[in-house]
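Here's the letter readout for the chains.
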Amino acid sequence: MTDYSDFRSDTVTRPTKKMRECMAKAVVGDDVLGDDPTAQELEKLSAEIMGKEAALFIPSGIMGNAIAVKIWTQELDEVIVEERSHIYNMESTQMTFISRVQPRPLPSDRGAMDPHVVEENIRKPNVHIPRTSLICLENSHNNWSGSVVGIENVRSIKEIADRHNLKLHMDGARIFNASHAAGIPVKEFAEMADSLMFCLSKGLSAPIGSMLVGPKDFIDFGRRIRKVLGGGMRQVGIIAAAGIVALTDMTERIKEDNARAKRLAAAIAKFPGIVLNPDEIDTNIIIFDLDHPQYGIPDFLEKLNVQRILALPTRGGIRFVTHKDVDDTDVDKVIAAFQSILGS
Ligand SMILES: *Cc1c(COP(=O)(O)O)cnc(C)c1O
């Protein structure tokens, strides 16, 4: 696949040379027994960066979201989610499967739910009605083309959550993309959330893993749930070592991905048949629709494939994601391919 320009997702990023070196040299223990120093270092560093008491290294982002839902809810509860969110659409019903709670999806303006609508949808339980116990936000918002949910919106929703004694969990799989785009430190977003999950294995380029951060008692309980879900790992310092490099060397680089996506969006939006408002591209995900007399989405993707360009079909069209392993040359290649297919 090396001659392909792979825009399918930022999950395709390969670990850096330094990551592989640190993995090879990592000091390890048995993390289930609690003595893997490298995993502990990664957890400490993550908690510091996010300004939280504690952190837990987890094999995937979904496990982090699932642990948070499990801890912040009880059976018979309801969870407010945004209708296009990953937690509601892309996690194979983990909320109902693992925690036996019901999601209550609400509409939004590109990922930002109206605080009044959130408040109206908080339910007080009676014999017929579930209790609302948790609100989940996503930032950046994957299925809204990587939009940033602004800090003011997050703050308003957090105030409502506090007033009604609800918890707020943030799915911050790409919180560093959101932070750079908003010009607001990740800590400020994290401060608005009782718990936050972020991925090491996307733009940050680590091969495996995500982090869950929050209060110490939450993380202690989370460690037990992680074990039950099959996420207890032994000499896990080998992969945690790459996570440490991700957090020390790779967070600033995310800016480049956001900038490249903006450049790509501005260029392709000009071609006939491309339905895209480039001003809506905040971070590294571009979702656009095709309205073309000759090509449907599968034909168009096939045409790109012939030119050694990979992208994915998604709800609402086609998705291009920028990341460490696509550079300006790859972006130029895509623009040239659009020119050759759609001409103008
Ligand atoms: C990728 C992603 C996750 C977690 O995915 P895993 O594949 O389980 O690591 C969660 N939320 C969002 C918004 C994501 O993009």
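Computed from a predicted model, the values in this text were never measured in an experiment.

### A look at the domain arrangement of the protein chain
Interfaces are often described in size by the accessible area the parts lose on coming together.
And then number 1: If you check the domain split of the protein chain, you get domain 1 (5–11 + 253–342) and domain 2 (17–249).
And then number 2: For domain 1 and domain 2, the distance between their C-alpha centroids amounts to 28 Å.
And then number 3: Between domain 1 and domain 2, the buried area comes to about 1,700 Å², and carbon and sulfur atoms account for 48% of it.
And then number 4: The three residues of domain 1 that bury the most area against domain 2 are Asp10, Ile254 and Arg315, which together make up 32% of that side's buried surface.
And then number 5: Scanning the region where domain 1 abuts domain 2 turns up 2 salt bridges.
And then number 6: We note a salt bridge from Arg174 to Asp10, for which the minimum N-O separation is 2.7 Å.
And then number 7: Viewed at the interface, domain 2 and domain 1 are joined by 10 residue pairs in polar contact (both at pLDDT 80 or more).
And then number 8: Listed by contribution, the elements that provide at least two residues to the side of domain 1 that touches domain 2 are α12 (254–268) and β10 (285–290).
And then number 9: Sort the elements by how many residues they give to the side of domain 1 that touches domain 2 and α12 lands first, with 4 residues.
And then number 10: Across the side of domain 1 that touches domain 2, the residue classes tally to 5 nonpolar, 6 polar and 9 charged.

### Some details on the side chain of Thr132
And then number 1: As for its placement among the helices and strands, Thr132 is situated in strand β5 (residues 131–138).
And then number 2: Look at Thr132 and you get buried, because its relative accessible area is 5%.
And then number 3: Within the structure, Thr132 has its side chain in polar contact with the backbone nitrogen of Arg123 (distance 2.7 Å).
And then number 4: Once residues lying within four places of it in the same chain are set aside, the contact partners of Thr132 are Glu78, Ile80, Asn121, Ile122, Arg123 and Leu166.

### Section: the pattern of salt bridges
And then number 1: Under the definition given, this model contains 26 salt bridges.
And then number 2: For Lys255, the salt bridge is made with Glu252, and the minimal N-O distance between the two is 2.8 Å.
And then number 3: Of the residues examined, Lys255 reaches a relative accessible area of 45% and is grouped as partly exposed.
And then number 4: A salt bridge links Arg253 to Asp257; its shortest N-O distance comes to 2.8 Å.
And then number 5: Residue classification places Arg253 among the buried residues on the basis of a relative accessible area of 14%.
And then number 6: You can call Asp257 buried: its relative accessible area is 0%.
And then number 7: Each of Glu256, Arg260, Arg263, Asp328 and Asp332 takes part in a single network of salt bridges with overlapping partners.

### Structural notes on the site of the ligand
And then number 1: The local shell around the ligand holds 13 residues, among which Gly61, Ile62, Asp171, Arg174 and Lys202 are the closest.
And then number 2: A distance of 3.4 Å separates a nitrogen atom of the ligand from a polar atom in the side chain of His86.
And then number 3: A distance of 2.8 Å separates an oxygen atom of the ligand from a polar side-chain atom of Lys202.
And then number 4: Isolated, the ligand exposes 380 Å² of accessible area, and the fraction of that covered by the protein chains is 83%.
And then number 5: Of all the elements, helix α3 (residues 61–72) adds the most residues to the shell around the ligand, at 3 residues.

Rules behind the numbers
Residues numbered from 1 in each chain as written. Predicted model: local features only at pLDDT ≥ 70, side-chain atom pairs only at ≥ 80, totals over all residues. Heavy atoms only, no water. Domains from an automatic or database assignment. Buried area = accessible area lost by both parts, 1.4 Å probe. Salt bridge = Lys/Arg side-chain N within 4 Å of Asp/Glu carboxyl O. Polar contact = N/O pair within 3.5 Å; in protein donor to acceptor, adjacent residues only side chain to side chain. Helix = DSSP H or I, 4+ residues; strand = E, 2+ residues; numbered from the N terminus. Nonpolar A, V, L, I, M, F, W, Y, C, P; charged D, E, K, R; others polar. Buried < 20%, exposed > 50% of the residue type's maximum accessible area, 1.4 Å probe, protein only. Contact = heavy atoms within 4.5 Å. Near = heavy atom within 4 Å. Areas by Shrake-Rupley, 256 points an atom, 1.4 Å probe, with all protein chains shown as cover.

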